[in-house]
Structures are given as C-alpha cells and as structure tokens.
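Chain by chain, the residues run as shown.
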Number of protein chains: 2
Amino acid sequence: ILLNSYEDRSSSGCSQVQLGFRYESRDQRFTMYIMQLTNCSALCLPADHKMYVRLAVLPSVQVTCCLFRTRGLLSQDVVVINEVFGMQMSHSALRQKTLRVDICNTSKSGHEECLAGAQISLADVSCSEDRCTKWYNLLNRHYMSELSSK
Amino acid sequence: ILLNSYEDRSSSGCSQVQLGFRYESRDQRFTMYIMQLTNCSALCLPADHKMYVRLAVLPSVQVTCCLFRTRGLLSQDVVVINEVFGMQMSHSALRQKTLRVDICNTSKSGHEECLAGAQISLADVSCSEDRCTKWYNLLNRHYMSELSSK
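Residues numbered from 1 in each chain as written. Chains lettered and ligands numbered in written order. Predicted model: local features only at pLDDT ≥ 70, side-chain atom pairs only at ≥ 80, totals over all residues. Heavy atoms only, no water.

1. What to know about the pattern of salt bridges
Residues and elements named next belong to chain A. Worth spelling out the cut-off: For this document, the term salt bridge refers to a Lys or Arg side-chain nitrogen within 4 Å of an Asp or Glu carboxyl oxygen. A run of DSSP states H or I qualifies as a helix once it reaches four residues; a run of E qualifies as a strand once it reaches two. Both are numbered from the N-terminal end. Burial status follows relative accessibility: with a 1.4 Å probe on protein chains alone, a residue under 20% of its type maximum counts as buried, one over 50% as exposed, and anything between as partly exposed.
With the rule as written, the count across this model stands at 16 salt bridges over all chains. Notably, a salt bridge pairs Asp102 with Arg54, separated by 3.2 Å at the nearest N-O pair. Residue Asp102 is located in strand E7 (residues 98–106), and its partner Arg54 is located in strand E3 (residues 50–58); the two are separated by 48 residues in the primary sequence. Between Arg100 and Asp102 there is a salt bridge, and its shortest N-O distance comes to 3.0 Å. Judged on exposure class, the residue Arg100 and its partner Asp102 are both buried. Each of the salt bridges in this network shares a partner with another, and the network as a whole consists of Arg54, Arg69, Arg100, Asp102, Glu112 and Arg141.

Encoded structure:
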C-alpha cells in the first residue's frame, strides 16, 4: 500500500507528447506530425530557457539524414507545436525503424541536452493513409542514467 | 534512389522482441510476457556470450523495485524466452509509466552492457484483461550514442 501511494505520487508528473503518423504508399512518404506537449513542468526546463523537439528515425547510415528539430518553445502547461516532418522510404524499410523523440534544450555551453524522450517502434506503421494520432509518455533522462548504474 | 537502397540495406538487420501485456483491474496486477527474440545476429553479441532481457517500469522512486531480468540466453536466429513478470499498481499510475526493455550481456569486467533496446509508453494500456501481444523493433545502443554526439 505504501509502495502504491509512492508510485502514484512519483508518476503524477509525467509529461506527454502527442504525435501523428501517416504513410502514403503512392509516393512512399512517411509524415510525422508533432502536435503538442502537456504537463511540461515535469521536464524541469531551466526558467526562461527554450526547448524544442528532436526527432530521429533510426537506424540510419548517416544520423544527420534522419534528424529533425522543431522551433524553440517556451514551457507552459500545454504547448501547441503543430509542426510536420516527412521523409521518403519504402514501407518495408520503415517497418524496421525506430523513431526516437527527445525534448531538448541548449545548455549554457551551447551543447544539446535531452530532458526527456519517447521511443517508438515503427514495426506496425500501417499503409492505410489515415493519420494515426496518439499520446506518448515521456521518460525523463534522469531515469535512463539511473538505470545504467544498477 | 541511392539513399533508399542504403536505407533498405542498413535496416535488414533489425532485431525484434515479442512482448505481451495484460492488466487485471480486480487485483490491480500488470503482467508482462517476454515471449521471443528474432534476428539476434543484429545484436552483435560476442561469440559464446549469454544475453538476457532486462525490463524496467519507469519512473519509479527506487529503480530496483521495478527491475526484472530473464535467465541467460544463447544467441540464435529465433530465441524463445516465455518468461512472465508481474507487478501491482493502480491503472492510473501505470498509464503514466514507460517500459524500458533492454537486451543486455555481462562484460568481461562484470558490468551490465546494453546491446539494444525498445521503450514502450504505457499510456494506452487497457483494462480489458485480454493479453495484447506485439513485436517491437530493437534499436542498437550504437545509434543512441551516435545521436547524443550530433
């Protein structure tokens, strides 16, 4: 019971990203819609800093070919983004990919820092041409580094 | 066209894990079924080494509470695992969690090394009591570290 209440408390702060996907088989085009973020306070962005969303479709021979970044965004409870990115790829190749979505900011020293992220297997992206939209939980980087020390 | 053929080649080697999930609301129990791995050669496991699957349900106040590991497995093209792990949690808390699934091995120096992983948002785990089974692409660690240097 104690563990449960701890769990509830620790997880109330999960931020989420809403994404949409569409694959058009006619022109072999995969489109990613970055729609909005909620509960951004859980990202612990330093005050007055801007964040942005970075997308990477992996694996890729050259990481730079598959990397996209949104404009800079100020943290609010709900952040509407509505940016669209696309790439051309066969459906069979796409279904072997993983989309990494990270909320990043630029540190004082000018380096890209990841605050939290989601990772989405594209194994079941359908050819239906309808846009499929979903909310994904974002996992804070803190937990990833904690995991690698256990 | 050249890019497309590169993409096809580089992605032929993606390994996958088959997972099942079930949430029983009566006793607030979340069950994870680690079913099988395919295309394990893409994991680049050193010869004669054993690997295992590590699961973590995050965020968690204490990482050790939410961490599970399968038995050791030898790499083959298809590796049948069929191990089951469970934890108790309210449905609302579970829906704020992310499941991190990593294929690990133990290095010569005794440290846990991750070869590849998937990350699954549990935001839409249903209460239907039916087991939901799916294949997920595994992303090699190599690409994660390459990403953080761009």
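2. Remarks on the environment of A:Phe30
Residue and element names in this part refer to chain A. Rules: Two residues qualify as a contact provided that any one of their heavy atoms is within 4.5 Å of a heavy atom in the partner residue.
Position of Phe30 relative to the elements: it lies in strand E2 (residues 29–38). Here Phe30 falls in the buried class, since its relative accessible area comes to 0%. In contact with Phe30, other than residues within four places in its own chain, are Phe21, Arg22, Tyr23, Phe85, Gly86, Met87, Leu94, Leu122 and Val125.

3. Topic: helix H3 (residues 141–148) of chain B
The cut-off we apply is this: To obtain the arc, one takes the directions from the helix axis to the C-beta atoms.
Three or more residues of H3(B) are buried, namely B:Tyr143, B:Met144, B:Glu146 and B:Leu147. Along the long axis of H3(B), the arc covered by the buried residues comes to 165°, so they all point the same way. For H3(B), the secondary structure elements touched by its buried residues are E3, strand E4 (67–69), E7, strand E8 (112–121) and helix H3 (141–148) of chain A together with strand E10 (139–140) of chain B.

4. Side note on the environment of B:Gln119
Where we set the bar: N or O atoms within 3.5 Å of each other form a polar contact, as long as, within protein, one can give a hydrogen and the other can take it, and as long as residues adjacent in sequence are counted only when both atoms are side-chain atoms.
Along the polypeptide, B:Gln119 turns up in strand E8 (residues 112–121). When its relative accessible area of 5% is taken as the criterion, B:Gln119 is described as buried. Sequence separation between B:Gln119 and B:Gly13 is 106 residues; the distance between their C-alpha atoms is 19 Å. Leaving out residues up to four positions away in the same chain, B:Gln119 has contacts with A:Arg100, A:Gly117, A:Ala118, A:Gln119, A:Leu139, A:Met144, B:Thr98, B:Leu99 and B:Arg100. A distance of 3.2 Å separates polar atoms of two side chains, one belonging to B:Gln119 and the other to A:Arg100. A distance of 3.1 Å separates the side chain of B:Gln119 from the backbone oxygen of A:Gly117, its partner in a polar contact.

5. Some details on the side chain of A:Gln18
Residues and elements named next belong to chain A. Its place among the elements puts Gln18 in strand E1 (residues 16–24). Exposure remark for Gln18: the relative accessible area of 13% places this residue in the buried category. Not counting residues within four places of it along the chain, the set of residues in contact with Gln18 comprises Tyr33, Ile34, Met35, Gln36, Thr133, Lys134 and Trp135.

6. What about the sheet that holds E1(A)?
All names here are of chain A. Stated precisely, the cut-off is as follows: Two strands qualify as a pair provided DSSP detects at least 2 bridges between them. Between N-to-C directions, angles cover 0 to 180 degrees, with each direction set by a line fitted to C-alpha atoms, over the stretch in contact for helices.
On the basis of which strands lie adjacent, the open sheet formed by four strands has the order E6-E2-E1-E9 and antiparallel pairing. At either margin of the open sheet sits one strand with a lone partner, and together these are strand E6 (78–88) and strand E9 (132–137). Pairwise comparison of adjacent strand axes, ignoring direction, gives a mean angle of 20° for this sheet. Bridge count between E1 and E2: nine bridges; the pairing is antiparallel. Counterpart to Val17 in the pairing with E2 is Leu37.

7. Structural notes on the packing of aromatic side chains
Given two aromatic rings, one states the distance between the centres and the angle between the planes to describe the pair. All names here are of chain A. As a reminder, the rule being used: In this scheme Phe, Tyr and Trp rings, the latter by its six-membered ring, pair at centre separations within 6.5 Å, and the angle between planes marks the pair as stacked below 30 degrees, edge-to-face above 60, and tilted otherwise.
In this structure the tally under the stated criterion is four aromatic pairs over all chains. Seen from their ring centres, Phe21 and Phe30 are 5.8 Å apart, and the 15° between their planes marks the pair as stacked. Taking the relative accessible area as the measure of exposure, Phe21 reaches 8% and is therefore buried. Measuring from centroid to centroid gives 5.4 Å for Phe68 and Phe85, while their planes differ by 40°, and the two rings are tilted. With a gap of 17 residues between them, Phe68 in strand E4 and Phe85 in strand E6 connect regions that are remote in the sequence. Each member of the pair, Phe68 together with Phe85, is buried.

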